[in-house]
Amino acid sequence: PPRSITLGVSAESENLSLRLEGVDLADQDRIAAFETETEGSTVVNARATWRPFGANDRLAFVLDGRNLSDEEVRVHSSFLKDV
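It should be emphasised that the depicted structure is a prediction, and the values quoted were computed from it without experimental measurement.

Colleague: Is there a simple way to explain the packing of aromatic side chains in this structure?
Modeller: Aromatic ring pairs: the centre-centre distance and the angle between the two ring planes describe each pair. Across all of its chains, the model carries 1 aromatic pair by this definition. Ring geometry for Trp50 versus Phe61: centroids 5.6 Å apart, planes at 25°, classification stacked. Placement of Trp50 in strand β3 (residues 41-50) and of Phe61 in strand β4 (residues 61-65) is noted, with a sequence separation of 11 residues between them. Taking relative accessible area as the criterion, Trp50 reaches 45% and is therefore assigned partly exposed.

Colleague: I would appreciate a short explanation of the pattern of salt bridges in the present structure.
Modeller: Oppositely charged side chains can form a pair if their charged atoms are brought close together. Counting across every chain of the model gives 5 salt bridges. Across the pair Asp24 and Arg3 runs a salt bridge whose closest N-O atoms are separated by 3.2 Å. Of this pair, Asp24 sits in strand β2 (residues 16-25) while Arg3 sits in the segment before β1 (4-12), and the two are 21 residues apart along the sequence. Under the relative-accessibility criterion, Asp24 is labelled partly exposed at 27%. For the salt bridge of Glu21 with Arg19, the shortest nitrogen-to-oxygen distance reads 3.0 Å. When salt bridges that share partners are traced, they join Arg47, Asp64 and Arg66 into one network.

About the thresholds
Residues numbered from 1 in each chain as written. Predicted model: local features only at pLDDT ≥ 70, side-chain atom pairs only at ≥ 80, totals over all residues. Heavy atoms only, no water. Phe/Tyr/Trp six-rings, centres within 6.5 Å; stacked < 30°, edge-to-face > 60°. Helix = DSSP H or I, 4+ residues; strand = E, 2+ residues; numbered from the N terminus. Buried < 20%, exposed > 50% of the residue type's maximum accessible area, 1.4 Å probe, protein only. Salt bridge = Lys/Arg side-chain N within 4 Å of Asp/Glu carboxyl O.

Here's what the structure looks like:
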């Protein structure tokens, strides 16, 4: 798999948790026979979790946004990456 770096920042209170992160995937150009190269990509993800009855309660509402930058991402190890 190619090199990946995830950098994020989080904030929490008793009822609310927020996280913003960036994930950078490198190009994969070290390939085996019958593989194709894969371009790298950078995506932005965000998550908000609200616990209306406090941190110790099991009820949580989660809003999860992935690839908010709408980047085309291909997983190098997938047989369907070119489809």
